[in-house]
Structure formats: C-alpha cells, structure tokens
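One letter stands for each residue in the lines below.
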Amino acid sequence: MALLAGCRVFSQAFRGQTANLDGVCTLQDVMQRAVCSLRRYSSESKAGEELTVRYLDGDDSGIVVFGMNRPKAKNAISKNLVKMMSEAVESVKKNNKVRSVILCSMVPGVFCAGADLKERAKMHQSEVGPFVSKARALITELGNLPMPTIAAIDGAALGGGLEMALACDIRIAATSAKMGLVETKLAIIPGAGGTQRLPRTVGVSLAKELIFAARVIDGTEAKALGLVNHAVEQNKSGDAAYLRALELAREFNPQGPIAIRMAKLAINQGIEVDLTTGLAIEEACYAQVIPTKDRLEGLAAFKEKRPPRYKGE
C-alpha cells in the first residue's frame, strides 16, 4: 500500500516533467513543448521595478538571476513583488534553456525582511488569507522549479524571506547575514512553508526551538546547523554570497541538464516516501535519461577525451 501511495504521489509530480510515465521517450517531447520565447527583462533596475530578472550570456548562458529590489521596504514581500516573482518563475519554468536560477537581493545588507507589514496593516482581515495563500503558492512554485535554485543570502532573511530561501535547493549566506522565522513574535506562525521546510532541513526538534523562540542566527551558525550549505565572509561590495552562488551555478552548467532535472525530481520526491518507493522513483527517472541525445554525447565525449557539449535533448 505504501508503495502504491508513494507511486501515486510521484506520478502526479512527474507529469510536470514528462507527459507519460509509460514511455521513456516522452521527456524529449516535453522539453520541446517547454521551449518558449525568452521574455526580456531589464538587467538594470528601473524606478518602481521591484524585481530584476537577468539572463546571463556567454559562458554563463543558462544561468538566470532573480534580484529583489525594494530598497525602501528592505525587499519586504508585497502584492506587486509576489505578482512579479510569480511571472518570473512561470517564465523560467517553461524555458528548457535555463539551467539554474539564483535568487538574490539588489539591496545591500538585506535579502528579504519578510512580509510587508505596512501593506499588511492596510489590508482588511478578509484580504490577509488570500494574500498569504498567493505568497505560499509562489514559494511552492519556486520550490517546484525543475532546474537547480540557489538562494544567495547577503543580508537579513527573516520570516517569509527565509521561507523563500528554504524553498531553494541550495542556500549560501554571508557569515554576517541574519536569518530566522520570527513570526511568533507577532503572535502568528510561519505561513509560507516554514513549519514544513525548516524541520526537513535542520531536523524537527531544532526547528521547533528556532520557531518557538523566534530566534535570529547569523550565517556562521546557520552553516553549523545545516540551514545553509556554505557561509562566506562578506566582501566590501556586499555580494559575497551571490558570487559564491554564481561559482556554484557555473559548476552545474556543464553537466547534463536533463540529468540534473531528473536527479532533482528523484531526490525531491524520493525523500518524502519510504526507501522502496524512492528506489522505484529513481528507476523511473533514470529511464527518462536513457533515450536522450545528451547521454550518447556524454559517452562519445568520454571516448574521444573531450568535454561534452550537452544541449538538453
């Protein structure tokens, strides 16, 4: 029964990656359908633009950078920021040329201060629930992106800001960055996945301690607790975590993009079920890479002693 239930959960998630689990060649069809025209975003901040989306080029082609840009509000999560981020996430989700996404801040000293409490105070009580649902849906979609996602935390990540980072596959923080789920200070609880993702990241007992106490920790302690993958000393320009995230994305870039997406899917789905079901999920994901041109290219490159040239096909 556990195996059947687990496979059912996996099948629902897998449809987002492939059209049909019964055919091992369907991934190519899905990848072809996923090709969309590249939506153009400015790489420079404009007045009133709360999010910049940069598609890097040259050797960094395939890396996309989401930069939150609300300096006066410390990147607090507003209705407009949720809308813009949702559109950006939807755009990269449909673009099979995107190999990794970096989420960072364009505002020195802060990643994201959480919910925009000034905007929240003006909301009618009936508006709060729907807004939190939209924010939760955004963070869920960020977590469900098929390619690797990296949160570059160069400053404070509090409340919803940390929840956003928790939805990413990998977190890199400056040692000076402050992080915490502080909602209990306001007599509420984390409402955008924090009560679920933090325990899965640092363990149940420690997550309870951090949430109950509304504790704020720095990057060094976050690394010790396993909340972030890497903690780096901040530099004079205030972007040390971003630069480390860029280095990591560059490590991912040369690898087979379909393989990385399937590995992410296998890990994300497998960790939620028993080992037997997880192994079945891994087998299903492995089946998707067998008929790809990239797999043949990898073998040919190895034989010819040259770097592979993967195209995501």
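One can find the structure itself at the top, above this paragraph.
These remarks concern the structure in this document. Note that the structure is predicted; figures quoted are calculated from it, not measured.

So, about the nonpolar core. Counting 50 residues, the largest nonpolar core has Phe-66, Met-179 and Leu-227 as the members making the most contacts within it. When residues of this core are assigned to their parent elements, the largest contribution, seven residues, is made by helix α3 (residues 79-93). Not counting residues up to four positions away in its chain, the partners in contact with Phe-66 are Leu-51, Thr-52, Val-53, Ala-88, Val-89, Val-92, Val-101, Ile-102, Leu-103 and Cys-104. Listed in part, the 18 residues of the second largest apolar core include Ile-63, Val-65, Ile-102 and Cys-104.

Judged by pairing direction, the sheet is mixed, and its six strands sit side by side in the order β1-β2-β3-β5-β7-β10 without closing on themselves. Looking at which strands have only one partner, the edges of the open sheet turn out to be β1 (51-55) and β10 (230-232). Here the average twist between neighbouring strands, direction ignored, is 20°.

What follows deals with the sheet that holds strand β6 (residues 156-158). Read across the open sheet, the four strands follow the order β4-β6-β8-β9; overall the sheet is mixed. Bordering the open sheet on either side are β4 (110-112) and β9 (217-218), each of which pairs with just one other strand. Note that strand β8 (residues 178-180) and β9 share two bridges and pair antiparallel. Within β9, the position partnered with Lys-178 by the bridge is Asp-218.

The next point concerns a nonpolar patch on the surface. Among the surface-exposed residues, Leu-117, Leu-186 and Ile-188 lie close enough to one another that they form a single nonpolar patch of about 280 Å² accessible area. Its relative accessible area of 47% is what places Leu-117 among the partly exposed residues.

Quick notes on the rules
Residues numbered from 1 in each chain as written. Predicted model: local features only at pLDDT ≥ 70, side-chain atom pairs only at ≥ 80, totals over all residues. Heavy atoms only, no water. Core = buried A, V, L, I, M, F, W, Y, C linked by side-chain atoms within 4.5 Å. Buried < 20%, exposed > 50% of the residue type's maximum accessible area, 1.4 Å probe, protein only. Helix = DSSP H or I, 4+ residues; strand = E, 2+ residues; numbered from the N terminus. Contact = heavy atoms within 4.5 Å. Pairing = 2+ DSSP bridges. Axes fitted to C-alpha atoms, helices over the stretch in contact; angles between N-to-C directions. Patch = residues over 30% accessible without salt bridge, like charges linked within 9 Å, V, L, I, M, F, W, Y side chains within 5 Å. Areas by Shrake-Rupley, 256 points an atom, 1.4 Å probe, with all protein chains shown as cover. Salt bridge = Lys/Arg side-chain N within 4 Å of Asp/Glu carboxyl O.

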